[in-house]
Amino acid sequence: MNYFRTALLLAGMTALFMGVGFLIGGKGGLMIAFVVALAMNAWSYWNSDKAVLRMHNAQEVDARSAPEFYTMVQELAARARLPMPRVYIIDEPQPNAFATGRNPENAAVAATTGLLHSLSREEVAGVMAHELAHVKNHDTLIMTITATIAGAISMLANFGFLFSGNRENNGSPFGVIGSIAMMILAPIAAMIVQMAISRTREYQADKLGAEICGRPDWLASALGKIAGAAAHIENDTAERNPATAHMFIINPLSGHRMDNLFSTHPATENRIAALMELARGMGARPSVAPSGPASGPWGGSQRRSGPWG
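Residues numbered from 1 in each chain as written. Predicted model: local features only at pLDDT ≥ 70, side-chain atom pairs only at ≥ 80, totals over all residues. Heavy atoms only, no water.

**Student:** Where do I start with the sheet that holds strand E1 (residues 59-61) in this structure?
**Tutor:** Strand pairs in the sheet, formed through backbone hydrogen bonds, run parallel or antiparallel to each other. Across the sheet, which stays open at both edges, the four strands sit in the order E1-E2-E4-E3 with mixed pairing between neighbours. Edge positions in the open sheet fall to E1 and strand E3 (97-100), since each of these has one partner strand only. Put simply, the sheet's adjacent strands are angled 30 degrees from each other on average, direction ignored. Packing of helix H2 (residues 67-79) onto the sheet brings it into contact with E1, strand E2 (86-90) and strand E4 (108-112), and relative to E2 it is tilted by some 135 degrees. Strands E3 and E4 of the sheet are contacted by helix H4 (residues 121-136), whose axis makes an angle of about 25 degrees with E3. (Pairing = 2+ DSSP bridges. Helix = DSSP H or I, 4+ residues; strand = E, 2+ residues; numbered from the N terminus. Axes fitted to C-alpha atoms, helices over the stretch in contact; angles between N-to-C directions. Contact = heavy atoms within 4.5 Å.)

In structure tokens:
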């Protein structure tokens, strides 16, 4: 993990938050925003994973409540040489998944019911291997904290706009025009930072995830199905919390809102092409859910309609 780059990105998000505070309240607003940002970063380190899971109404499961899914994650974590993460299921029809947590010892992975019901077992394995790759690469802390701060920036910008009528009394030199610009530009700037964080990390997680599950073509097939479904199946909790979009394996936003003006993910077709090239290099057969014995972590043939279908 590039700790310097991570620190730089967090500093950028904090500076943006402070800038919004300055536009709202001048020097006083700047100092308040600075103190709030410090407290938020400290809080986010310990609690942002729980907050994101609550945002998406994720329910924790175990070997008794979701035996096949839990065991799959357990086997993949063992292959990745990771501690067993907490496992969650989100009741959403859109197939998708994400990982969170401040470190591998305190990680969690979450999948939607849409993912578990519409993908084959092999494809689900590819997706969860990708999420465990984020854990192994220590991506989850920066991605989760960024989601928390980005959401706060958007809320603070909207708050500033609502109170723009008192601008002449709070020390800000920008007035109503500054408020309007802030409301528009601050969330966009936060999304740009999210893009910088997410794009390269997705390619790296694709590659490592393919190595963890042993079949790049499983993940490639899953990405195609998830992207196709996400284009017409809305994820209600993601639409209400767009700052968390970069955490998912595929952008969960429908594109009907300005929140989706910039994509936080690389083009799906480019990710699939990279995975299929990796599959050819590994000598994997170019198909998912083969009819014969599988070369992944589970040995024999698997059910084709998904672990719960």
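**Student:** Explain the confidence of the model for the protein chain here, please?
**Tutor:** For the protein chain, per-residue confidence averages 78 on the pLDDT scale, and 67% of positions sit at 70 or higher. When pLDDT is averaged over each helix and strand of the protein chain, the minimum, 68, is found for helix H5 (residues 139-162) and the maximum, 98, for E2. Confidence over residues 257-262 falls short of pLDDT 50; this stretch has 13 contacts with residues more than four positions distant or in other chains. Residue range residues 288-305 is modelled with pLDDT below 50. Its contacts to residues more than four positions away, or to other chains, number 47 contacts. (pLDDT = per-residue confidence, 0-100.)

**Student:** How should I be thinking about the pairing of E2 in this particular structure?
**Tutor:** Regular strands place side chains that alternate from one sheet face to the opposite one. For E2, the tally of buried residues reaches four of five residues, placing the bulk of the element in the interior. Strand direction decides the pairing type here: E1 and E2, joined by three bridges, are antiparallel. Counted as the bridge partner of Val61 is Val87 from E2. Here five bridges tie E2 to E4, and the two strands are oriented parallel to one another. Pairing of Tyr88 across the sheet is with Ala110, part of E4. (Buried < 20%, exposed > 50% of the residue type's maximum accessible area, 1.4 Å probe, protein only.)

**Student:** I keep staring at H2 and nothing clicks. Help me out?
**Tutor:** Given 3.6 residues per turn, any residue in an α-helix points the same way as the ones three and four places further on. For H2, built from 13 residues, the straight-helix expectation of 18 Å at 1.5 Å per residue is met to within 8% by its first-to-last C-alpha distance of 18 Å. When we look at burial in H2, the residues that qualify are Phe69, Tyr70, Met72, Val73, Leu76 and Ala77. The arc enclosing the buried residues of H2, seen along the axis, measures out at 160 degrees, which places them on a common side. Following H2 by one or two positions, Arg81 adopts a phi angle in the positive range, close to 60 degrees. (Expected span 1.5 Å × (residues − 1). Arc of directions from axis to C-beta.)

**Student:** Even after reading the chapter, I still don't get the packing of H2 against H4, so can you show me in this structure?
**Tutor:** How two helices pack is summed up by the angle between their axes together with the distance between the axes. Interhelical geometry of H2 versus H4 gives an angle of 50 degrees and a closest axis separation of 10 Å. The orientation of H2 relative to H4 falls into the category oblique. Seen along the crossing, H2 lies across H4 with a hand that is right-handed. Contact residues: H2 offers Glu68, Phe69, Met72, Val73, Leu76 and Ala77, while H4 offers Arg121, Val124, Ala125, Met128, Ala129 and Leu132. Of the residues belonging to the contact of H2 with H4, the class tally is 10 nonpolar, no polar and two charged. (Parallel < 35°, antiparallel > 145°, perpendicular 65-115°, else oblique. Left-handed = near helix turned anticlockwise from the far one by under 90°. Nonpolar A, V, L, I, M, F, W, Y, C, P; charged D, E, K, R; others polar.)

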